[in-house]
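As a plain string of letters, each chain reads:
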Amino acid sequence: VNRDSPICEALRGKGAPEPDSKGANIPRENLPRCKKPGCGGLLRPHVIWFGESLEERVLDAAFQELDDCDLCLVVGTSSIVYPAAMFAPQVAARGVPVAEFNLETTPATQQLGGHGFFFSGPCGSTIPQALKPF
């Protein structure tokens, strides 16, 4: 696990989440590489790209958490990519409250029945407000 920040010098000051920011255009030889002796392969983010599958152990752990939870927060997702798209409706079907925080409703919103609560707006403002003590 690379916990360096930035993960390589070529990325220092790059990656601003501004919509108008320009691409980093970093030459391949300057991209982050594995530091294990004899490897040197390109590092990749700890994400699942479209078309890839989640590891079975990760899915099993997620399903276990969903089975055990007594509240489910759904934050900033389109709820159209499976298997995650089915998580909130499955939890709501068990009678567990589901709070969805999003800019707009999703296909899952309508499947939450009487156990769903929708908070419209930027998550950075709706979540703190919803979780504020009474």
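Here we summarise the structure given alongside this text. From a predicted model like this one, the values you see are computed outputs, not experimental measurements.

**A short note on the sheet that holds strand E2 (residues 98–102)**
Step number 1: If you walk across this open sheet you meet the 3 strands as E1-E2-E3, and the pairing is parallel. Two strands in the sheet have a free side with no partner beyond their single neighbour: strand E1 (72–75) and strand E3 (116–120). Each strand axis lies, on average, 15° off the axis of its neighbour in the sheet, ignoring direction.
Step number 2: The strands touched by helix H3 (residues 123–131) are E1, E2 and E3; relative to E2, the strand with the most contacts, the crossing angle is about 150°.

**Some words on the pairing of E1**
Step number 1: Here E1 shows one buried face, formed by Cys72 and Val74, and one open face, formed by Leu73 and Val75.
Step number 2: Where E1 meets E2, 4 bridges bridge the pair, whose relative direction is parallel. Along E2, the bridge assignment pairs valine 75 with phenylalanine 101.
Step number 3: The parallel pair E1 and E2 is bridged by helix H2 (residues 87–93), and the resulting crossover is right-handed.

**Points about the packing of aromatic side chains**
Step number 1: Applying the stated criterion across every chain yields a total of 2 aromatic pairs.
Step number 2: Plain terms: the ring middles of phenylalanine 63 and phenylalanine 87 are 5.6 Å apart, the flat faces sit at 80° to each other, and that makes the pair edge-to-face. Taken together, the residues span a long stretch of sequence, with phenylalanine 63 in helix H1 (residues 56–68) and phenylalanine 87 in helix H2 at a distance of 24 residues.
Step number 3: Accessibility expressed as a relative area gives 27% for phenylalanine 63, which makes it partly exposed.

Conventions used here
Residues numbered from 1 in each chain as written. Predicted model: local features only at pLDDT ≥ 70, side-chain atom pairs only at ≥ 80, totals over all residues. Heavy atoms only, no water. Pairing = 2+ DSSP bridges. Helix = DSSP H or I, 4+ residues; strand = E, 2+ residues; numbered from the N terminus. Axes fitted to C-alpha atoms, helices over the stretch in contact; angles between N-to-C directions. Contact = heavy atoms within 4.5 Å. Buried < 20%, exposed > 50% of the residue type's maximum accessible area, 1.4 Å probe, protein only. Right-handed = clockwise from strand over helix to strand, strands pointing away. Phe/Tyr/Trp six-rings, centres within 6.5 Å; stacked < 30°, edge-to-face > 60°.

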